[in-house]
Number of protein chains: 4
Amino acid sequence: MTRLASVHRVPMRHPADMAGIEALFAARAVDPAHIVAILGKTEGNGCVNDFTRAYAVSALATMLAAHLGTTPAVVAERVAMVMSGGTEGGLAPHFILFAVTETDAAPTGALAIGTAFTPEFRPEELGRMAQVEATAAAVRAAMADAGISSVADVHYVQVKCPLLTSERIAEAEVRGATVATHDTYRSMGLSRGASALGVALALGEVAAETLSDAVIGEDFRLWSGVASASAGVELTRNEIVVLGNSAAWAGGLRIAHDVMQDGIDFPAIQRALSAAGLAAPGQLTEDQRGRLAALLAKAEPSSTGRIRGNRHIMNDDSDINATRHARALVGGVAAAATGRTDLFISGGAEHQGPDGGGPVAVIVES
Amino acid sequence: MTRLASVHRVPMRHPADMAGIEALFAARAVDPAHIVAILGKTEGNGCVNDFTRAYAVSALATMLAAHLGTTPAVVAERVAMVMSGGTEGGLAPHFILFAVTETDAAPTGALAIGTAFTPEFRPEELGRMAQVEATAAAVRAAMADAGISSVADVHYVQVKCPLLTSERIAEAEVRGATVATHDTYRSMGLSRGASALGVALALGEVAAETLSDAVIGEDFRLWSGVASASAGVELTRNEIVVLGNSAAWAGGLRIAHDVMQDGIDFPAIQRALSAAGLAAPGQLTEDQRGRLAALLAKAEPSSTGRIRGNRHIMNDDSDINATRHARALVGGVAAAATGRTDLFISGGAEHQGPDGGGPVAVIVES
Amino acid sequence: MTRLASVHRVPMRHPADMAGIEALFAARAVDPAHIVAILGKTEGNGCVNDFTRAYAVSALATMLAAHLGTTPAVVAERVAMVMSGGTEGGLAPHFILFAVTETDAAPTGALAIGTAFTPEFRPEELGRMAQVEATAAAVRAAMADAGISSVADVHYVQVKCPLLTSERIAEAEVRGATVATHDTYRSMGLSRGASALGVALALGEVAAETLSDAVIGEDFRLWSGVASASAGVELTRNEIVVLGNSAAWAGGLRIAHDVMQDGIDFPAIQRALSAAGLAAPGQLTEDQRGRLAALLAKAEPSSTGRIRGNRHIMNDDSDINATRHARALVGGVAAAATGRTDLFISGGAEHQGPDGGGPVAVIVES
Amino acid sequence: MTRLASVHRVPMRHPADMAGIEALFAARAVDPAHIVAILGKTEGNGCVNDFTRAYAVSALATMLAAHLGTTPAVVAERVAMVMSGGTEGGLAPHFILFAVTETDAAPTGALAIGTAFTPEFRPEELGRMAQVEATAAAVRAAMADAGISSVADVHYVQVKCPLLTSERIAEAEVRGATVATHDTYRSMGLSRGASALGVALALGEVAAETLSDAVIGEDFRLWSGVASASAGVELTRNEIVVLGNSAAWAGGLRIAHDVMQDGIDFPAIQRALSAAGLAAPGQLTEDQRGRLAALLAKAEPSSTGRIRGNRHIMNDDSDINATRHARALVGGVAAAATGRTDLFISGGAEHQGPDGGGPVAVIVES
């Protein structure tokens, strides 16, 4: 028997809208028992007080538990549910279901999926080497789970990670522990950064000796070209999903990736599409568009305050958070390339690609 | 003697930053006396309480008055200064100077510029036929000013128009007049809509008999493919700038336009670029990018709540105004095409292109 | 046997935080079976895309269902759960549980509670007379449920009502129905307004012949002095909770109310407190503060743009919604009076008290 | 001859609205040559990209220059113009003019005013001891200017201070200098904190040996009870206005102050009012209200995330900045006390009063 990965993109009308997923179950297009991971782009602000992520996870766990005859807690143990808040610009709220089935078909070198979790973190571990190292170990575990042995075959590593809240900081300080920052918003960046460096460490993108607490969130020359980390208030451990191609898997899906050097690096998206079988001059044709199963990218404001020499205002805007601007921008660039808006553009790309840029991965049906 | 239009794009560090423009004067690249219009993309919210537009106009008028030995009020009479607020996503705050000089060179069918102003509007005229008709008359005056006789040679008509504030509404009602709306934010849309229909009327894009107070802001099947209207609290009349190509003008600049059918209509931008001499598969090359003198486009959320079938959240977001999302999206798509972020993307495209889309014009140096 | 109402105020750390309520159950301070209504102040934006309300309701229904051995749907049928989004300024997110028990004690003329629900509304009924009349009928049913026969004994009527979303509007229009507005944000105001007029109609505060579709959201001289309506995307019918004093009920709680004439009507709050037994010059003392079981008030921006002659900017601010400003203001004024921040200040007071003001009710332990 | 201070509160319709001030000049109520300081509450966001402050200063300087027959630059040298952004909740945008005239009348121990400026700061000096010490020196100079010799007679010290922008940080780093923070929003807090500690140092509220770079923005047990600091992008030095009572000054104005221990410390406001001659149980009467010339207070979120034990959400809200919430709250509390909304509530109270509280000063006409 060979493993076969399937990817289903499902629109949502609100964060707890399960109708689309239940319709897939009813039509037997997906068996709930085969789902290993769910990514979601929810319509909150993607920042500290974005409860749309937790709300979606709660609805998903409750719904899946009913289908599987178990409890939401067991579902959350078994299925990596990674919600990323923020559908700025024209982005469409949607879920992406990843399912794995067994098949008699011959292996094709197709999309392979592996998942893993770190242990729970204490507040004082977030944004520090403890989080980096636990993440690296979990990435290796997820690769093993996926049957991927070469780091060159890994094209996307999704990490969902915790953040510090006023309450969590207070809890740590009562115990005499110190936290990496008192700024809750900043803690999201440090947690994402430590997680991305964990991926880079596992994949050999950075050397272990270059890493320390001091470089996290500071030395952005260190980065991973395949990591995508999202922070959410609703969890206290890192959840890892590794996506790659594996000679041992069957099916018609292929994944490829590239690295955007800045927020308007349209050619990088075209290269990734082309590597996965969707070469196009300009926007994908309607037929090609239908074959795009998912686009997954990171977005962040450049710390220089510039894009190709021109000033952007993301870092100086006190009305709209910088990550919201960045998601809107990269969402527009990726929509230009693909002709679609149901794209998984996730904000906060610390140590995920170069400053102001980020990884972009595409999954394509052949 | 032949007229010759020049276009200078100048970055701004804040809305009152005149340093870039003054440097052009000091270098004798532009003579202040030749300036006929200034567009500006300022970094406010682009909505009711965006004072960055008025602040920039105030700084420009004061600065030009000093150079020209006159008063700011006289400058404002003579130079159309049209600021559009909102640099969401990665857009760069900048000014675009339009200057006209006389030359001995032969005419080349190059970029031609004409300006005109309507009389001052009373609050009760905004968003109604009085504004439509006054705008149409001013467009015809601006075409005459530019020496453009065929409407086919008009590729962009910029209109800056007023809005209703709580105070202006009260002033009208004290006089017993009724206004088109009590919602100040909505008044911006009605004023832009009436202005765009005025352009469409002047250019024969809509028939006079189809127009009435009732269709303004309601029947979006009526639209102009070249109008771009911005509303601002700082003025009480419409300011009109017509841009086209004219057999009577000299120089190497050409303007072309197309109409985006939705917010992600990348091919429409490519067609406009190509028509103006910048054909490219994908993003413009660095050399081509340097020849792009300006890109001017409108952005708005589709009223259907959808882009190519997928839901967007612009109209249901109570934290970020819908026009801000739309500018960020179209800014991303246009940056994908051009590789630049100093683009004049203006929000609120009522009756300016089809629902959810809008005109896009490009000025290119040959 | 006599009925006895109890009121428990429970802080929440996030919208789905059930720990405080479960602790009350564990300590046998409240029996889950006795709960008839739960009000909640959640930390979303209180506007169209505020999902904290639905998230809290989902968590409450699931939690109560587990305690009561039933389903969340049955809980939602039985318990009125009215979440109001928005804790601007210093307001504290919290739940208020209303429970009713039977007792041998003699009646004391204490706090009485009654609940009722309207049928489900179609989108085209919202903000129109259909909603007014169904609400009036439900108020009468809730008074009967509470054993209150005189409208003078009614001091607070909470209504939770639906709103229009882009999707609901489209659904209605597919059927050929027309809706009261296409502006989803505005639909919240119309729905609250129609609900409040329903309360006023039931209590004789307005005459039936003065009401029509045309006055809803327009003629703000028509209002209720006890209605409090909140709109939320998560429901499609009106939920009604009537609070008053009844000769037939036992216990030490008393409710009183007054009407704030504007957003800074501190004396009105003092009068309501005094009528319920908490007279104080200035802020309540620490002892009095402990006896305040709940303060429930409405907040809205004055449509004149003025407070006692001075301009406010609520209606012209495109970054922060007007209702958010208004809640922050009234929250500050009520905190000044009470020395507490866990106050149920609810935004959007259309037809709930005079323009710019609103009802304020207090429940006090004797 | 004796000096006499006058205070005029002038509403503004927008940040550049000079009509109210010019009407005072026209009516000879104020002589432009006598103005020594202007405070302004403008309607921007009060954060990094709030250009309403600079816009108002620009309009004031230009207008005064015209009246005084000089240049705006000379006006800015001579008159301290301190704009504070943010009129959240119900606060009214307004200017407060401080003028000083000579009189034959006998001294009355009335309101006295002194002003001073620090030298210009380099970016690397902001938020550090260099700023503390320069501010302390300027406070002593302003006291001397006011003829106040005892620190007990100082009731309010307004400081306007610079902030770091992306551009200023880059400028410093090009020179090899390091700045106190790379977070532009955080730089506002550090600059205000250093300024407040400068006031505290000058007035003996803190001991010199307790101060160092490390305590700024960190050890909030160190604070001034009379400092009020506002940060603005438009200046590069500190501007100081000292207000107190002096035996040498004439007139009927008196100033008093108190310290709010938290954001809802209504009794502290009542004590300050009472000390200045406006004792009231509850809100000021209409007559008293007319005698209140100005209320000046600081607002900030408590760093504990709590107010009297209840959670607030200011620090965890990524849609509305924490200082905006805090101004709305304190504005509501102060409006409750005074019955007015044209109050100078300024955000960001680092080292200005205890954590979560702040100084409040009132100027009253006898």
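Note that this is a predicted model, so its numbers are computed, not measured. (Residues numbered from 1 in each chain as written. Chains lettered and ligands numbered in written order. Predicted model: local features only at pLDDT ≥ 70, side-chain atom pairs only at ≥ 80, totals over all residues. Heavy atoms only, no water.)

## Quick word on the overall build of chain A
- Counting its regular elements, chain A contains nine helices and 15 strands.
- Taking 2.2 N^0.38 as the reference for a compact globule, 366 residues should give roughly 21 Å; the C-alpha atoms of chain A span a radius of gyration of 19 Å, in line with that estimate.
- Here the C-alpha coordinates of chain A stretch approximately 55 × 50 × 40 Å along the principal axes.
- Counting only residues that meet the buried cut, chain A has 67% of its 366 residues in that class. (Helix = DSSP H or I, 4+ residues; strand = E, 2+ residues; numbered from the N terminus. Rg over C-alpha atoms; globule rule 2.2 N^0.38 Å. Buried < 20%, exposed > 50% of the residue type's maximum accessible area, 1.4 Å probe, protein only.)

## So, the interface of chain A and chain B
- Each partner contributes to the interface: chain A provides 41 residues, whereas chain B provides 41 residues.
- Contact between chain A and chain B buries roughly 3,000 Å² in total, counting both sides, with carbon and sulfur atoms accounting for 56%.
- The interface formed by chain A and chain B holds two salt bridges in total.
- A salt bridge links Glu43(A) to Arg311(B); the nearest nitrogen and oxygen atoms lie 2.5 Å apart.
- Where chain A packs against chain B, one counts 16 residue pairs in polar contact (both at pLDDT 80 or more).
- Among the elements of the structure, helix H7 (266-275), strand E13 (310-311) and helix H9 (322-338) of chain A are those that each provide at least two residues to the side of chain A that touches chain B.
- Here the side of chain A that touches chain B gets eight residues from one element, more than from any other, and that element is H9(A).
- When the residues that make up the side of chain A that touches chain B are grouped by side-chain class, the tally is 17 nonpolar, 13 polar and eleven charged. (Contact = heavy atoms within 4.5 Å. Buried area = accessible area lost by both parts, 1.4 Å probe. Salt bridge = Lys/Arg side-chain N within 4 Å of Asp/Glu carboxyl O. Polar contact = N/O pair within 3.5 Å; in protein donor to acceptor, adjacent residues only side chain to side chain. Nonpolar A, V, L, I, M, F, W, Y, C, P; charged D, E, K, R; others polar.)

## A look at the interface of chain B and chain D
- Listed by partner, the interface residues are eleven residues for chain B and eleven residues for chain D.
- Of the roughly 980 Å² buried between chain B and chain D, counting both surfaces, carbon and sulfur atoms make up 68%.
- Considering only the side of chain B, the residues that lose the most area to chain D are Phe51(B), Tyr55(B) and Glu167(B), jointly responsible for 53% of the buried surface there.
- Where chain B packs against chain D, one counts zero residue pairs in polar contact (both at pLDDT 80 or more).
- Counting residues per element, the side of chain B that touches chain D draws most heavily on helix H2 (residues 52-68) of chain B, at four residues.

## Brief notes about the sheet that holds strand E6 (residues 154-161) of chain C
All names here are of chain C.
- Pairing is mixed in the open sheet, where four strands are placed in the order E5-E8-E6-E7. Where the open sheet ends on each side, the last strands, each with one partner, are strand E5 (111-120) and strand E7 (227-231). Here the average twist between neighbouring strands, direction ignored, is 15°.
- The sheet contact formed by E6 and strand E8 (residues 237-245) spans six bridges and is antiparallel. What sits directly across from Val157, in E8, is Val242. (Pairing = 2+ DSSP bridges. Axes fitted to C-alpha atoms, helices over the stretch in contact; angles between N-to-C directions.)

## A short note on the packing of helix H7 (residues 266-275) of chain C against helix H9 (residues 322-338) of chain C
Residue and element names in this part refer to chain C.
- Contact geometry of H7 with H9 gives a least axis separation of 10 Å together with a crossing angle of 45°. With respect to their mutual orientation, H7 and H9 come out oblique. The handedness of the crossing between H7 and H9 is right-handed. Here Phe266, Ile269 and Leu273 of H7 come into contact with H9, specifically with Val333, Ala334, Ala336, Ala337 and Thr338.
- Counted by class, the contact of H7 with H9 contains seven nonpolar, one polar and no charged residues. (Parallel < 35°, antiparallel > 145°, perpendicular 65-115°, else oblique. Left-handed = near helix turned anticlockwise from the far one by under 90°.)

## Looking at the relation of the copies chain A and chain B
- Once turned by 180° and shifted 0.0 Å along the axis, chain A lies on chain B with an RMSD of 0.0 Å. On this basis, the relationship between the two copies can be described by a two-fold rotation axis. (Least-squares fit on C-alpha atoms with pLDDT ≥ 70 in both.)

## Observations regarding the sheet that holds strand E11 (residues 292-299) of chain D
All names here are of chain D.
- Taken in spatial order, the four strands of this open sheet run E10-E15-E11-E14, and their pairing is mixed. For this open sheet the edge positions go to strand E10 (253-260) and strand E14 (344-347), each flanked by a neighbour on one side alone. Within the sheet, the average angular offset between the axes of one strand and its neighbour, ignoring direction, is 15°.
- As judged from the eight bridges shared by E10 and strand E15 (residues 358-365), these two strands associate in the antiparallel manner. Of the residues in E15, the one forming a bridge with Asp258 is Val360.
- Its contacts with the sheet place helix H7 (residues 266-275) against E10, E11 and E15, and it is angled at close to 160° to E10.

## Quick look at the relation of the copies chain B and chain D
- With an RMSD of 0.0 Å, the operation that places chain B on chain D is a rotation of 180° combined with a shift of 0.0 Å along the axis.
- Mapped onto chain D, 100% of the interface residues of chain B are again interface residues, and the two copies thus contact each other with one and the same surface.

## Looking at the UniProt feature "site: Important for substrate specificity" (unreviewed entry) in chain A
Residue and element names in this part refer to chain A.
- Mapped onto this numbering, the UniProt entry annotates "site: Important for substrate specificity" (unreviewed entry) at Thr323.
- On the secondary structure map, Thr323 appears in helix H9.
- Given the relative accessible area of 7%, Thr323 is considered buried. (UniProt positions renumbered as here; feature names shortened; annotations may be inferred.)

## Structural notes on the environment of Val215(C)
- Inspection of the secondary structure assignment puts Val215(C) in the loop between helix H6 (184-202) and E7.
- In this structure, Val215(C) is in contact with Leu197(C), Thr210(C), Leu222(C) and His351(C), ignoring residues within four places of it in sequence.

## Points about the domain arrangement of chain A
Residues and elements named next belong to chain A.
- Along its sequence, chain A is carved into domain 1 (2-103), domain 2 (110-242) and domain 3 (252-365).
- The centre of domain 1, based on its C-alpha atoms, is set 22 Å off from the matching centre of domain 3.
- Of the residues lining the interface, 23 residues belong to domain 1; the matching set on domain 3 comes to 19 residues.
- Across the domain 1/domain 3 interface, buried area totals approximately 1,600 Å², and carbon plus sulfur atoms make up 62% of it.
- For the domain 1 face of the interface with domain 3, the top three residues by lost area are Arg9, Glu88 and Leu91, together amounting to 38%.
- Taken together, the links from domain 1 to domain 3 amount to three salt bridges.
- A salt bridge links Arg9 to Asp342; the shortest N-O distance between them is 3.4 Å.
- In this assembly, domain 1 and domain 3 are joined by eight residue pairs in polar contact (both at pLDDT 80 or more).
- Here the side of domain 1 that touches domain 3 gets four residues from one element, more than from any other, and that element is strand E1 (residues 2-11).
- A class-by-class count of the residues in the side of domain 1 that touches domain 3 yields nine nonpolar, eleven polar and three charged. (Domains from an automatic or database assignment.)

## Quick word on the pairing of E5(C)
Residue and element names in this part refer to chain C.
- Among the ten residues in E5, seven count as buried, and that is most of the element.
- Across eight bridges, E5 lies against E8 in antiparallel orientation. The residue bridging Leu111 from the neighbouring strand is Asn245, located in E8.

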